[in-house]
Amino acid sequence: MRVIIVDSAADVAAAAAARIVRAVNRARKHSRAAVLGLATGSSPLGTYEALAALVRDGSLDLRGVSGFALDEYVGLDHAHPESYHAVIRTSVTEPLGLDPAFVRVPDGLASDLSAACEAYEQSIADAGGVDLQLLGIGTNGHIGFNEPTSSFGSRTRLKTLTPQTRRDNARFFDSLEQVPMHALTQGIGTILEARELVLVANGEGKASAVAAMIEGPLSSMCPASALQLHPNAAVIIDRAAASQLNYTEYYEQVEANAHLVE
Ligand code: GLP
């Protein structure tokens, strides 16, 4: 796992955007359009803004690129501004100029939710798999909506949100009661199949989850620790999010000398 510690949220966004640009260009070199895994939450917003700026100034061409969101609330109308359908549309699809037909979000309104999850897995497979999955991390270590105790082999499925996650996400709603109880989420097994993972986190509130993910044991109690199993995962964090790490000096040494071995 690469651990990249930078000074500010803007630097986190720039470094994550650079990796996405690299993945898009790498796919183009092989005459195909990249498949991106998209995260919601506040953490990746800066990354999307950095990419949108590159699209606007003409230095990044995302034509043909497709996207798969990590997750979606169950039972929230797609027109609800906090549904991930709406969030992905307004923070990713529109500003990046992606073709909406190429951007998928799990269907939390399906009458048969498990069939919708299976169909979602199939559409990822049909697209040839995800080239780069962008991730945030919950304060309890969740990725997507894979809450603590989620199986590392899990696939897209229904999850019940923890009280902690509902409290954390209540800031997006008028009240805690309005935060849905359930979500559909790509599984940890699904996420681990992406060819590259980039997780972004900012601020002290994420420091303990970040430390558990990077330096803690591999454990379903910290779903993000599954990133330790991935051969091409980068965690890009600011100093506050890195504040509970023990090996900071080492990570900085690795990054400072990366050009010697790349
Ligand atoms: C949400 C999302 C996650 C996200 C996390 C952190 O519940 N399902 O994909 O990473 O919470 O959100 P934020 O970046 O706003 O802290």
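Heads up: these notes are all about the structure in this document.

Quick notes on the rules
- Residues numbered from 1 in each chain as written.
- Predicted model: local features only at pLDDT ≥ 70, side-chain atom pairs only at ≥ 80, totals over all residues.
- Heavy atoms only, no water.
- Core = buried A, V, L, I, M, F, W, Y, C linked by side-chain atoms within 4.5 Å.
- Buried < 20%, exposed > 50% of the residue type's maximum accessible area, 1.4 Å probe, protein only.
- Helix = DSSP H or I, 4+ residues; strand = E, 2+ residues; numbered from the N terminus.
- Expected span 1.5 Å × (residues − 1).
- Arc of directions from axis to C-beta.
- Contact = heavy atoms within 4.5 Å.
- Pairing = 2+ DSSP bridges.
- Near = heavy atom within 4 Å.
- Polar contact = N/O pair within 3.5 Å; in protein donor to acceptor, adjacent residues only side chain to side chain.
- Areas by Shrake-Rupley, 256 points an atom, 1.4 Å probe, with all protein chains shown as cover.
- Nonpolar A, V, L, I, M, F, W, Y, C, P; charged D, E, K, R; others polar.
- Axes fitted to C-alpha atoms, helices over the stretch in contact; angles between N-to-C directions.
- Phe/Tyr/Trp six-rings, centres within 6.5 Å; stacked < 30°, edge-to-face > 60°.

Examining the nonpolar core
Part 1: Among the nonpolar cores identified, the biggest contains 74 residues, and L199, V210, M213, I214, L227, I237 and L245 are the most heavily contacted of them.
Part 2: Element by element, the count of residues in this core is highest for helix α1 (residues 9-29), at eight residues.

Quick word on helix α2 (residues 45-56)
Part 1: Between its first and last C-alpha atoms α2 spans 16 Å; for twelve residues at 1.5 Å apiece the expected length is 16 Å, and the two agree.
Part 2: Taken residue by residue, α2 has T47, Y48, L51 and A52 as its buried positions. Each buried residue of α2 lies within a common arc of 135 degrees when the element is viewed along its axis, so the set occupies one face. Residues E49 and R56 are exposed on α2 and point more than 90 degrees away from its buried face.
Part 3: Residues of α2 that are buried in the fold lie against α1, β2 (35-38), α3 (84-96), β6 (132-135) and β9 (196-201).
Part 4: G58 occupies a position one or two residues after α2 and carries a positive phi of about 85 degrees.

Let's talk about the pairing of β6
Part 1: Burial of the side chains of β6 extends over both faces: L132 and L134 are buried on one face and Q133 and L135 on the other.
Part 2: By the bridge criterion, four bridges tie β6 to β9 in an arrangement that is parallel. By the bridge assignment, Q133 is partnered in β9 with L197.

As for the site of the ligand
Part 1: Surveying the vicinity of the ligand reveals 13 residues, the closest of which are S42, S43, D71, R171 and K206.
Part 2: The separation between an oxygen atom of the ligand and a polar side-chain atom of S42 is 2.6 Å.
Part 3: Here an oxygen atom of the ligand and a side-chain polar atom of S43 are 2.5 Å apart.
Part 4: Coverage of the ligand by the protein chains reaches 94% of its 390 Å² of free accessible surface.
Part 5: Of the residues contributing to the shell around the ligand, the split by class is three nonpolar, seven polar and three charged.

Side note on the sheet that holds β6
Part 1: Pairing in this open sheet of seven strands is parallel, and the strands run β1-β10-β9-β6-β2-β3-β5 from one edge to the other. The outermost strands of the open sheet, each flanked by one partner alone, are β1 (2-6) and β5 (103-104).
Part 2: Where β2 lies against β6, two bridges are found, and the strand directions are parallel. Bridge pairing links L36 to L132 in β6.

Focus on helix α4 (residues 113-126)
Part 1: The first and last C-alpha atoms of α4 sit 20 Å apart over 14 residues, in line with the 20 Å expected at 1.5 Å per residue.
Part 2: Within the span of α4, buried status applies to A116, C117, Y120, E121, S123 and I124. Each buried residue of α4 sits inside an arc of 160 degrees when the element is viewed along its axis, so together they form one side. Turned more than 90 degrees away from the buried face of α4, the exposed residues are E118 and D126.
Part 3: The inward-facing, buried residues of α4 contact β3 (66-69), β5, β7 (157-160), β8 (182-185) and α6 (188-192).
Part 4: Structurally, the start of α4 carries an N-cap: the backbone nitrogen of S114 is 3.3 Å from a side-chain oxygen of D112.
Part 5: Note on α4: the residue one or two positions beyond its end, G128, has a positive phi of about 90 degrees.

Some points on the environment of S220
Part 1: Tracing the backbone shows S220 in the loop between α7 (207-215) and β10 (233-238).
Part 2: Along the primary structure S220 and A116 are separated by 104 residues, whereas in three dimensions their C-alpha atoms are 25 Å apart.
Part 3: Apart from the residues lying within four places of it in its own chain, the contact partners of S220 are E147, P148, T149, S150 and F152.

Focus on the sheet that holds strand β4 (residues 71-73)
Part 1: Taking strand neighbours across the sheet as the criterion, the three strands line up as β4-β8-β7 in an open arrangement whose pairing is antiparallel. Edge strands, defined here as strands with exactly one partner in the open sheet, are β4 and β7. Taken over all neighbouring pairs, the strand axes of this sheet differ in orientation by 30 degrees on average, direction set aside.

Considerations on the packing of aromatic side chains
The description of an aromatic ring pair rests on the distance of the ring centres and on the angle between the ring planes.
Part 1: Going through the model one piece at a time under the given rule, you end up with eight aromatic pairs.
Part 2: When the centroid spacing of 5.9 Å and the interplanar angle of 5 degrees are considered together, the rings of Y84 and F145 count as stacked. Note that Y84 is positioned in helix α3 and F145 in the loop between β6 and β7, a separation of 61 residues in sequence.
Part 3: The buried category is assigned to Y84, whose relative accessible area is 9%.
Part 4: F145 gets classed as buried once you look at its relative accessible area, which sits at 1%.
Part 5: Ring plane angle 50 degrees and centroid distance 6.1 Å describe the contact between Y250 and Y251, whose orientation is recorded as tilted.

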